[in-house]
Amino acid sequence: MSSTQPASPINDNNRLGLDYRAEAERLPWRGGIWDVHTHIADPAAAERYFEAASLYGVERVWTMTQLEQVDAIRDAFGDRIAFIAVPNYEAKDEPDTFTTDWLRRIEGFAKKGCKVCKFWAAPRGVDFAPGLALDSPVRREGMRLARDAGMMFMTHVADPDTWFATRYQDSAKYGTKAEHHAVFERMLDEFGDVTWIAAHMAGNPEDLDHLQGLLDRHANLYLDTSATKWMVRELSKHPGEFLAFCKRNPGRVLFGSDVVASPNDPDERWFDLYASRYWALRTLYETGYDGPSPIVDPDIAMVDPTQAEDSTARLCGAGFDEGTLRWVYRDAAKRVLVDGGSPVS
Ligand SMILES: [Zn+2]
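Quick look at the structure, then. (Residues numbered from 1 in each chain as written. Predicted model: local features only at pLDDT ≥ 70, side-chain atom pairs only at ≥ 80, totals over all residues.)

Before going further, it helps to spend a moment on the pairing of strand β3 (residues 81–85). By the criterion of burial, β3 is predominantly enclosed, with five of the five residues buried. Of the two faces of β3, the one lined by Ile 81, Phe 83 and Ala 85 and the one lined by Ala 82 and Ile 84 are each fully buried. Note: strand β2 (residues 58–64) against β3, four bridges, orientation parallel. From the neighbouring strand, Val 61 faces β3, where its bridge partner is Ile 81. Taken together, β2, helix α3 (residues 70–77) and β3 form a β-α-β motif whose crossover is right-handed. Sheet analysis places β3 next to strand β4 (residues 116–121), joined by two bridges and oriented parallel. Opposite Ile 84, over in β4, you have Val 116 as the bridge partner. (Buried ≥ 20, exposed ≤ 12 C-beta atoms within 10 Å, placed from the backbone. Helix = DSSP H or I, 4+ residues; strand = E, 2+ residues; numbered from the N terminus. Pairing = 2+ DSSP bridges. Right-handed = clockwise from strand over helix to strand, strands pointing away.)

So this is what it looks like as structure tokens:
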């Protein structure tokens with residue numbers, strides 16, 4: 001019976017019972033990884049995060065963290081962690097959180113040397129607070145402030161197709177994916193002198209031809225690959241095209257995970273939560289694996305209620321070559337975020 005027992009306890013981040021410590025050794029890439037999209041709450045969360053991330057070769061990360069935690073994290077981790085300016089989401093119901101307080105925070109982050117400012121504009125923002133549309137007046141004010149402080153922008157536009165098919169069915173309220181991208185393209189032009197990083201493959205890993213058009217039309221645009229469940233589910237449907245897309249656009253696709261590390265993550269959960277994201281993403285990029293993802297993906301049952309709630313996506317590896325891996329895993333982030341964002345011609 002021992003041969004059929006999983007190496008580790010089964011949970012929603014590890015349906016396959018993988019030993020994530022042993023698995024990290026088996027993945028081929030040894031060149032280091034820079035993760036440009038994480039949410040690390042504080043120094044204690046960062047300590048645990050790096051226990052998992054370091055096993056998977058993550059050397060440097062960019063995090064969306066409250067302004068009040070920046071100094072403590074920097075004191076503990078130095079250059080390993082850089083910051084992306086965000087509003088104070090913990091005070092999301094206060095009237096000034098996304099207006100005057102946010103504008104003050106942009107200046108505060110800039111004073112601490114922060115080089116990236118996040119403008120989150122998911123369709124569900126209409127349920128969250130007024131003024132979160134990417135082209136709202138207060139957003140434009142924040143963008144001018146951030147630009148004048150020398151920051152580049154990170155944004156979140158649209159959401160998975162699975163969400164537009166379900167929770168965003170009321171398109172009069174939430175807009176269509178195409179409408180969100182039309183606003184995004186106008187803002188890319190309006191702030192055409194700013195480098196933009198569009199998180200989650202600009203919200204459209206489902207349609208790489210559309211993404212190619214975005215990159216071709218906007219030389220100031222870069223993409224990050226964060227949101228592991230979404231990326232694994234959709235990119236696994238066209239792994240060959242994903243590899244071709246990254247090869248065709250060297251330097252414009254930056255590795256990100258969207259790991260959320262909080263001191264409140266329970267003791268029995270945090271390691272698999274963080275490690276599973278790197279296992280799944282690295283397996284997608286580096287290998288020819290074809291099998292179940294270890295991570296439960298609730299979107300599968302959301303769009304098809306006949307599927308079990310603990311379904312996991314099919315993960316199909318894209319088998320990136322070494323040169324493409326180097327661009328996505330590190331050199332694109334180095335060029336954009338460290339060396340100054342010169343577009344690749
Ligand atoms: Zn995120």
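Of the two faces of strand β7 (residues 221–224), the one lined by Leu 221 and Leu 223 and the one lined by Tyr 222 and Asp 224 are each fully buried. Where strand β6 (residues 196–198) and β7 come together, three bridges link them in parallel fashion. Note on β7: the bridge partner recorded for Trp 196 is Leu 221. Where β7 meets strand β8 (residues 253–254), two bridges bridge the pair, whose relative direction is parallel. Among the inter-strand pairings, Leu 223 is bridged to a residue of β8, identified as Val 253.

Remark: helix α10 (residues 208–217) packs on helix α12 (residues 239–248), axes separated minimally by 11 Å, with the N-to-C direction vectors making an angle of 10°. The orientation of α10 relative to α12 falls into the category roughly parallel. Along its contact with α10, which presents Leu 208, Leu 211 and Gln 212, the element α12 presents Glu 241, Phe 242 and Phe 245. Per-class residue counts for the contact of α10 with α12 are four nonpolar, one polar and one charged. (Axes fitted to C-alpha atoms, helices over the stretch in contact; angles between N-to-C directions. Parallel < 35°, antiparallel > 145°, perpendicular 65-115°, else oblique. Contact = placed C-beta atoms within 7 Å. Nonpolar A, V, L, I, M, F, W, Y, C, P; charged D, E, K, R; others polar.)

This part takes up the environment of Asp 265. Among the structural elements, Asp 265 can be located in the loop between β9 (259–261) and α13 (270–286). Between the C-alpha atoms of Asp 265 and Ala 45, which are 220 residues apart in sequence, the distance is 8.6 Å. If we ignore the near neighbours within four places in the chain, the residues touching Asp 265 are Trp 270 and Leu 273.

Let us look at the nonpolar core. By size, the foremost hydrophobic cluster in this structure holds 96 residues, and its most contacted members are Tyr 49, Ala 85, Val 116, Ile 197, Leu 254, Tyr 274 and Val 328. Per-element tally for this core: the top contributor is α13, with 11 residues. The residues contacting Val 116, other than those within four sequence positions of it, are Trp 62, Ile 84, Ala 85, Met 151, Met 152 and Met 154. (Core = buried A, V, L, I, M, F, W, Y, C linked by C-beta atoms within 7 Å.)

Everything listed here is a matter of geometry and, on its own, says nothing about what the molecule does.
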